[in-house]
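Structural description and commentary
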Amino acid sequence: MVKIAVINGPNLQLLGRRKVEVYGHVTLDTIEARLREVAAECDVELTFFQSNHEGSIVDAVADAAAEGCAGIVMNPAAYTHTSIAIRDAIEGVRLPVIEIHLSNIHAREEFRHKSMTAPVCIGQIAGLGADGYEWALRALVRHIKSKN
Ligand code: DQA
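Description of the structure in this document. Model, not experiment: these values are computed from the prediction.

Turning our eyes to something else, we now look at the packing of helix H2 (residues 28–42) against helix H5 (residues 131–147). Remark: H2 packs on H5, axes separated minimally by 10 Å, with the N-to-C direction vectors making an angle of 30 degrees. In terms of orientation, H2 lies roughly parallel with respect to H5. Two packed elements cross with a definite hand, and for H2 against H5 that hand is right-handed. Every residue of H5 that contacts H2 at Ile31, Arg34, Leu35, Val38, Ala39, Glu41 and Cys42 is listed here: Tyr133, Glu134, Leu137, Arg138, Val141 and Lys145. Tallied by class, the residues present in the contact of H2 with H5 amount to eight nonpolar, no polar and five charged.

Our focus in this paragraph is the site of the ligand. Looking at the ligand, the residues that line it are Arg18, Tyr23, Asn75, Ala77, Ala78, His81, His101, Leu102, Ser103, Ile105 and Arg112. Ser103 places a side-chain nitrogen or oxygen 2.6 Å from an oxygen atom of the ligand. One of the side-chain nitrogen or oxygen atoms of Arg112 is found 2.9 Å away from an oxygen atom of the ligand. Isolated, the ligand exposes 320 Å² of accessible area, and the fraction of that covered by the protein chains is 99%. Residue classes in the shell around the ligand are distributed as five nonpolar, four polar and two charged.

Attention now moves to the environment of Gly132. Tracing the chain through its elements places Gly132 in helix H5. In the structure, Gly132 is positioned 26 residues away from His106 in sequence and 15 Å away in space, judged by C-alpha atoms.

Glancing now at the nonpolar core. Counting residues in each nonpolar core, the largest one holds 25 residues, and the members touching the most others are Ile4, Leu46, Val73, Tyr133 and Leu137. Secondary-structure elements contributing two or more residues to this core are strand E1 (2–8), H2, strand E2 (44–50), strand E4 (97–101) and H5. When residues no more than four places from it in sequence are discounted, the contact partners of Ile4 are Val44, Glu45, Leu46, Thr47, Cys69, Gly71, Val73, Leu137, Leu140, Val141 and Ile144. With 18 residues, the next largest nonpolar core counts Ala60, Cys69, Met74 and Cys121 among its residues.

Further remarks concern the pairing of E4. With respect to burial, E4 is a largely interior element, five of its five residues being buried. Side-chain alternation along E4 places Val97, Glu99 and His101 on one buried face and Ile98 and Ile100 on a second face that is also buried. Pairing between strand E3 (residues 71–75) and E4: three bridges, direction parallel. Across the sheet, the residue bridging to Ile72 is Val97, located in E4. Crossover E3 to E4 through helix H4 (residues 84–93) is right-handed. Pairing of E4 with strand E5 (residues 123–126), which is carried by four bridges, proceeds in the parallel orientation. Directly across from Ile98, in E5, lies its bridge partner Gly123.

Cut-offs and rules
- Residues numbered from 1 in each chain as written.
- Predicted model: local features only at pLDDT ≥ 70, side-chain atom pairs only at ≥ 80, totals over all residues.
- Heavy atoms only, no water.
- Axes fitted to C-alpha atoms, helices over the stretch in contact; angles between N-to-C directions.
- Helix = DSSP H or I, 4+ residues; strand = E, 2+ residues; numbered from the N terminus.
- Parallel < 35°, antiparallel > 145°, perpendicular 65-115°, else oblique.
- Left-handed = near helix turned anticlockwise from the far one by under 90°.
- Contact = heavy atoms within 4.5 Å.
- Nonpolar A, V, L, I, M, F, W, Y, C, P; charged D, E, K, R; others polar.
- Near = heavy atom within 4 Å.
- Polar contact = N/O pair within 3.5 Å; in protein donor to acceptor, adjacent residues only side chain to side chain.
- Areas by Shrake-Rupley, 256 points an atom, 1.4 Å probe, with all protein chains shown as cover.
- Core = buried A, V, L, I, M, F, W, Y, C linked by side-chain atoms within 4.5 Å.
- Buried < 20%, exposed > 50% of the residue type's maximum accessible area, 1.4 Å probe, protein only.
- Pairing = 2+ DSSP bridges.
- Right-handed = clockwise from strand over helix to strand, strands pointing away.

Written as structure tokens, this is what we have:
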């Protein structure tokens, strides 16, 4: 079965409690539960990983490739705007990655407008709240199936 990694970056474990006016009330557990339903519908298997540490996210990208994942849905959170290491990891594994943000990073502070990681992803979804994870997964599955 096609395997897809879902990787979440720093502070996303706080979803549902953190800046709810920006990120909403949905928790990461609820997002993962919804993604499991979508995965069952699409006949793919998911692995979930969240870390507040840049190097652990770099490792998770490499692990996804080593474990035979066919692609990654990733919210690098604040590391989106700073991490050359995560960008290089994505580029290095040559897996299709869709970057997702709950908020519309392009409509927020200027420092959030730049994504270090988006140029090495196949696409980015931003501003659709927690539902964005579902659209990212569906888009990635369609992309992977179109290549097989
Ligand atoms: C975020 C946007 C980032 O700028 C921010 O640092 C986050 C969450 C989002 O999902 O909207 O932590 O990635």
